[in-house]
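Summary of structural features
The lines below spell out each chain.
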Amino acid sequence: MMSRELGSEADSLSAANEESPERGQSFSYSRIIRSVLIFSFVGIALYGVCAIASDYRSIIAALARFLLDSLATVLFLVAFGWILRGFRFHYYLRKSGQDVPLVYSVSAFLAGFALTGTPGKIGEAMKGVFLKRDYNVRVTKVVGILVVERLMDLFGVLLLGSLSLLLFKGWIGLFLVCAVLVIAAGMFLCMEVIYRPVLSWLAGFRLLAWPANRVLSALLSGKELMTVKIFMVGLVLSTLAWAMESVSLYVIMKGLGLGATLLEANFTYCFSTLVGALSMAPGGIGGTEAGMIGLMTYMGISYADGLPAVLLIRICTLWLAIFTGLIFSIYLMAFPKTRPDQAH
């Protein structure tokens, strides 16, 4: 009963502050492409520096030795993980009272990858623009779901990483710090008594009313999804989805002849993902790569030997995700749906 009241209040706040469809449609091709190009330039520059610091010829030779069937396995695992997360997004939409077809939910989810190279992946909220336009889903509702998605991603990665924690005793302290930060963020979302008074006070100022009300609406929308059942379903889907990428790193390391067990590759991927996410760097770039290199060095793998594996897993996850998001974004922008209330 209480959650329904909170949901109704969140919807009323959104209705008062939601942008018009015309403003939502101003999200153009050029804005998406510009963001992708800027992030790509930064990424290419960083990876170029890493290659120069190593022997780029040995990197090319190592990647050339990587078998195509292993690459196909990696791509399948990564894509399957994306589908699981897309289904999770659809599940959250349904639990938020939004009647959106499964195929469209997954398509909108993948379109959000175009701006995954933003701090905290907040750019993925662009999928709310498509849902607003085609199915009249409030953007603040989608932002609330995005907050829960990010939390569940981190909880899933934490759970996976904990399976290998004892193999990296020297890193337990840092891992536990990451765990505390993630759990604190989840608790904060559930503690309306803390953020509602602050945001309500800020809404009393004319210049702050619009953002304060929208932030409150998004947080309340996310809080609706923090029930035990929804949390457990999201945790299972998140853990399975991120396990696909963790196993992908193992396949890559094995394919490149690096001595690592599945549990070692699992912790390497999970811990570096946490570091990248909590750093709030665009796409986790820099922090994620540094975490992987650091853990591989701890396992006795040299920088020159480990770098090709790091580059390949990031190309198959982050950079492929951005490319996939760009394709789905262009598709959804080119073929808008006609809502019943828009039909003539």
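Values in this document were obtained by computation on a predicted structure and should not be read as measured data. (Residues numbered from 1 in each chain as written. Predicted model: local features only at pLDDT ≥ 70, side-chain atom pairs only at ≥ 80, totals over all residues. Heavy atoms only, no water.)

1. Section: the overall build of the protein
Regarding its fold elements, the protein presents 15 helices and 0 strands. For the protein, with 344 residues in total, the buried portion stands at 53%. Looking at the protein as shown, the accessible area adds up to about 15800 Å², and 72% of this sits on carbon and sulfur atoms. (Helix = DSSP H or I, 4+ residues; strand = E, 2+ residues; numbered from the N terminus. Buried < 20%, exposed > 50% of the residue type's maximum accessible area, 1.4 Å probe, protein only. Areas by Shrake-Rupley, 256 points an atom, 1.4 Å probe, with all protein chains shown as cover.)

2. A look at the environment of Ala309
Here Ala309 lies in helix 15 (residues 303-334). What makes Ala309 buried here is its relative accessible area of 0%. Considered as a pair, Ala309 and Leu63 are 246 residues apart in the sequence and their alpha carbons are 8.3 Å apart. Look past the residues within four positions of Ala309 in its chain and what remains in contact with it is Leu249, Ile252, Met253, Leu256, Leu258 and Met296. (Contact = heavy atoms within 4.5 Å.)

3. Observations regarding the packing of aromatic side chains
In this structure the tally under the stated criterion is 16 aromatic pairs. Seen from their ring centres, Trp82 and Phe113 are 5.3 Å apart, and the 70 degrees between their planes marks the pair as edge-to-face. With a gap of 31 residues between them, Trp82 in helix 5 (residues 68-95) and Phe113 in the loop between helix 6 (102-111) and helix 7 (127-135) connect regions that are remote in the sequence. One exposure class covers both Trp82 and Phe113, and it is buried. Geometrically, the ring pair formed by Phe267 and Phe271 is stacked, given 5.7 Å between the ring centres and 10 degrees between the ring planes. Pair noted here: Phe267 and Phe271 are both in helix 13 (residues 262-278), with a separation of 4 residues, about one helical turn. For the pair shown, Phe267 and Phe271 are each scored as buried. Every member of this aromatic cluster is reached through a ring pair, and the members are Phe168, Trp171, Phe175, Phe267, Phe271 and Tyr298. Positioned above the aromatic ring of Phe89 is the side chain of Lys127, whose terminal nitrogen or guanidinium carbon lies 4.5 Å from the ring centre. (Phe/Tyr/Trp six-rings, centres within 6.5 Å; stacked < 30°, edge-to-face > 60°. Lys NZ or Arg CZ within 6 Å of the ring centre and 35° of its normal.)

4. Points about helix 13
Compared with the 24 Å implied by 1.5 Å per residue over 17 residues, the 24 Å span of helix 13 between its first and last C-alpha is a close match. Along helix 13, the residues classified as buried are Ala265, Asn266, Phe267, Thr268, Tyr269, Cys270, Phe271, Ser272, Thr273, Leu274 and Gly276. Buried-residue contacts for helix 13 involve helix 8 (139-162), helix 9 (172-190), helix 12 (228-255), helix 14 (287-298) and helix 15. Trailing helix 13 by a residue or two, Met280 shows a phi angle of about 60 degrees, which is positive. (Expected span 1.5 Å × (residues − 1).)

5. Side note on the confidence of the model for the protein
Confidence along the protein averages 83 in pLDDT terms, with 80% of residues attaining 70 or more. Per-residue pLDDT stays below 50 along residues 1-17; that stretch engages in 25 contacts with residues further than four places along the chain or on separate chains. (pLDDT = per-residue confidence, 0-100.)

6. Looking at a nonpolar patch on the surface
Where nonpolar side chains cluster on the molecular surface, the patch consists of Ile183, Met187, Phe188, Met191, Val193 and Ile194 and spans about 540 Å² of accessible area. Those elements giving two or more residues to the nonpolar patch turn out to be helix 9 and helix 10 (192-202). Ranked by residues supplied to the nonpolar patch, first place goes to helix 9 with 3 residues. Secondary-structure assignment places Met191 in the loop between helix 9 and helix 10. (Patch = residues over 30% accessible without salt bridge, like charges linked within 9 Å, V, L, I, M, F, W, Y side chains within 5 Å. Salt bridge = Lys/Arg side-chain N within 4 Å of Asp/Glu carboxyl O.)

7. Details of the environment of Leu256
Assignment of secondary structure puts Leu256 in the loop between helix 12 and helix 13. Judged by relative accessible area, Leu256 falls into the buried class, the value being 14%. Those residues in contact with Leu256 that lie beyond four places of it in its chain are Ala62, Phe66, Pro308 and Ala309.

8. Quick word on the nonpolar core
Among the nonpolar cores identified, the biggest contains 84 residues, and Tyr92, Leu131, Ile252, Met253, Phe267 and Leu274 are the most heavily contacted of them. Leave out the neighbours within four places in its chain, and Leu274 touches Leu154, Val157, Leu158, Phe175, Cys178 and Val182. (Core = buried A, V, L, I, M, F, W, Y, C linked by side-chain atoms within 4.5 Å.)

9. With respect to unusual backbone geometry
Its identity as a non-glycine residue notwithstanding, Asn136 has a phi of 55 degrees, on the positive side. Structurally, the position occupied by Asn136 is in the loop between helix 7 and helix 8.

10. Structural notes on the side chain of Arg133
You can see Arg133 is positioned in helix 7. Looking at Arg133, its side chain comes within polar contact range of the side chain of Asp134, at 2.7 Å. Within the local environment of Arg133, its side chain forms a polar contact with the backbone oxygen of Leu332, the two atoms lying 2.7 Å apart. (Polar contact = N/O pair within 3.5 Å; in protein donor to acceptor, adjacent residues only side chain to side chain.)

11. Quick notes on the packing of helix 5 against helix 6
A packed helix pair is summarised by two numbers, namely the angle formed by the two axes and the spacing between the axes. In the contact formed by helix 5 and helix 6, the axes pass within 8 Å of each other and the chain directions differ by 115 degrees. Considering how the two elements wind past one another, helix 5 and helix 6 form a crossing that is right-handed. Contacts from Trp82, Ile83, Arg85, Gly86, Phe87, Phe89, His90 and Leu93 of helix 5 reach helix 6 at Leu102, Ser105, Val106, Phe109 and Leu110. Per-class residue counts for the contact of helix 5 with helix 6 are 9 nonpolar, 3 polar and 1 charged. (Axes fitted to C-alpha atoms, helices over the stretch in contact; angles between N-to-C directions. Left-handed = near helix turned anticlockwise from the far one by under 90°. Nonpolar A, V, L, I, M, F, W, Y, C, P; charged D, E, K, R; others polar.)

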